Amino acid sequence: MTTQLDLGARCDRHVGEAFLVRCSACDEANRELEQERAQERHERAVQRNIALGISPHPKPEPVRRPLYRRRR
């Protein structure tokens, strides 16, 4: 018996168990939960950056080229 606890999502057959993932359905449910959490963390980071004035898509500064005068 393993002593490692896994508190992730479970399928309907294994709800409430605290040990490692039992089947592929549990693994898929856990993967979906992790993806949702990652998306939420990303959204919070974007909102925090916007509040700090950091744009997710900064505009590049225009290129300023020196003006050369033509000789006559």
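That block above? That's the structure.
Bear in mind the structure is a predicted one, so any value in this text is a computation, not a measurement.

Scoring rules and cut-offs
- Residues numbered from 1 in each chain as written.
- Predicted model: local features only at pLDDT ≥ 70, side-chain atom pairs only at ≥ 80, totals over all residues.
- Heavy atoms only, no water.
- Helix = DSSP H or I, 4+ residues; strand = E, 2+ residues; numbered from the N terminus.
- Areas by Shrake-Rupley, 256 points an atom, 1.4 Å probe, with all protein chains shown as cover.
- Salt bridge = Lys/Arg side-chain N within 4 Å of Asp/Glu carboxyl O.
- Buried < 20%, exposed > 50% of the residue type's maximum accessible area, 1.4 Å probe, protein only.
- Expected span 1.5 Å × (residues − 1).

The number of helices and strands found in the protein chain is one helix and zero strands. Only carbon and sulfur atoms are counted for the fraction: they give 51% of the accessible area of the protein chain, which is about 7,200 Å².

The next thing to look at is the pattern of salt bridges. Pairing is possible between side chains that carry opposite charge, provided their charged atoms lie close to one another. This model, assessed by the stated rule, comprises three salt bridges. Between Asp27 and Arg31 there is a salt bridge, and its shortest N-O distance comes to 2.8 Å. Of this pair, Asp27 and Arg31 both sit in helix H1 (residues 24-51), separated by four residues, roughly a single helical turn. Classification of Asp27 as partly exposed rests on a relative accessible area of 34%. Taking the shortest distance from any N to any O, the salt bridge between Arg37 and Glu34 comes out at 3.2 Å. Placement of the pair is Arg37 and Glu34 together in helix H1, with a separation of three residues, close to one helical turn. Judged by relative accessible area, which is 37%, Glu34 ranks as partly exposed.

When the terminal C-alpha atoms of H1 are compared, their 41 Å separation across 28 residues agrees well with the 40 Å that a helix rising 1.5 Å per residue should span. By the burial criterion, the buried members of H1 are Cys26, Ala29 and Asn30. Taken from the residues just after H1, Gly53 is the one with a positive phi, measuring 85 degrees.

A few words now on the environment of Ala29. Examined against the element boundaries, Ala29 turns out to sit in helix H1. Separated by 17 residues in sequence, Ala29 and Asp12 place their C-alpha atoms 9.9 Å apart.

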